[in-house]
Amino acid sequence: MIHTRLPAPLKWRSLTVAEHAAPVTVFRQTGLQLLRQIKTNAPGVLAGRDPEYLHQLRVAVRRLRVLL
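Analysis parameters
Residues numbered from 1 in each chain as written. Predicted model: local features only at pLDDT ≥ 70, side-chain atom pairs only at ≥ 80, totals over all residues. Heavy atoms only, no water. Helix = DSSP H or I, 4+ residues; strand = E, 2+ residues; numbered from the N terminus. Expected span 1.5 Å × (residues − 1). Bend = angle between axes of the 7 residues up to and from the residue. Buried < 20%, exposed > 50% of the residue type's maximum accessible area, 1.4 Å probe, protein only. Contact = heavy atoms within 4.5 Å. Polar contact = N/O pair within 3.5 Å; in protein donor to acceptor, adjacent residues only side chain to side chain. Axes fitted to C-alpha atoms, helices over the stretch in contact; angles between N-to-C directions. Parallel < 35°, antiparallel > 145°, perpendicular 65-115°, else oblique. Left-handed = near helix turned anticlockwise from the far one by under 90°. Nonpolar A, V, L, I, M, F, W, Y, C, P; charged D, E, K, R; others polar.

A. Quick look at helix α1 (residues 23-47). End to end, α1 covers 37 Å across 25 residues, agreeing with the expected 36 Å (1.5 Å per residue, within 8%). A bend of about 30° at Asn41 is the largest found in α1, and the proline Pro43 appears one to four places after it. Of all the positions in α1, only Thr30, Gly31, Gln33, Leu34, Gln37, Ile38, Asn41 and Gly44 are classed as buried. One or two positions beyond α1, positive phi appears at Gly48, with a value near 65°.

If you want it as structure tokens, here you go:
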């Protein structure tokens, strides 16, 4: 079996938002960051090597649901 090197589990990083940013811009930035967190952690979940991948994916999904 070939093991590919996975990136470390991706955790949430605070967003830098312009002071007068439009709500739609903040919504988009937040949503994209959460989708990135889900996409990055999914291969680690499927590989089943570290439970932190699943934890971070679940956190991102919960936050995305709240955002929507």
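B. Quick look at the environment of Arg28. Considering the arrangement of structural elements, one finds Arg28 in helix α1. Linking Arg28 and Leu64, residues 36 residues apart in sequence, is a C-alpha distance of 11 Å.

C. Highlighting helix α2 (residues 51-67). End to end, α2 covers 25 Å across 17 residues, agreeing with the expected 24 Å (1.5 Å per residue, within 8%). Its buried side turned inward, α2 meets α1. A distance of 2.9 Å separates the backbone nitrogen of Glu52 from a side-chain oxygen at the start of α2, and that oxygen is part of Asp50.

D. Structural detail: the packing of α1 against α2. Running from amino to carboxyl end, α1 crosses α2 at an angle of 155°, the nearest separation of the two axes being 8 Å. By the criterion of interaxial angle, the relationship of α1 to α2 is roughly antiparallel. The hand of the α1/α2 crossing is left-handed. Here α1 contributes Phe27, Thr30, Gly31, Leu34, Leu35, Gln37, Ile38, Asn41, Ala42, Gly44 and Val45 to the contact with α2, which in turn contributes Tyr53, Leu54, Gln56, Leu57, Ala60, Val61, Arg63, Leu64 and Leu67. Class assignment of the residues belonging to the contact of α1 with α2 gives a composition of 13 nonpolar, 6 polar and 1 charged.

E. Representation of the environment of Val17. Topologically, Val17 is positioned in the segment before α1. Among residues more than four places away in sequence, those in contact with Val17 are Val26 and Gln29.

F. Quick peek at the side chain of Gln33. Note that Gln33 resides in helix α1. Overall, the relative accessible area of 10% leaves Gln33 in the buried class.

Note that every value here comes from positions in space, so none of it alone points to a role or purpose.
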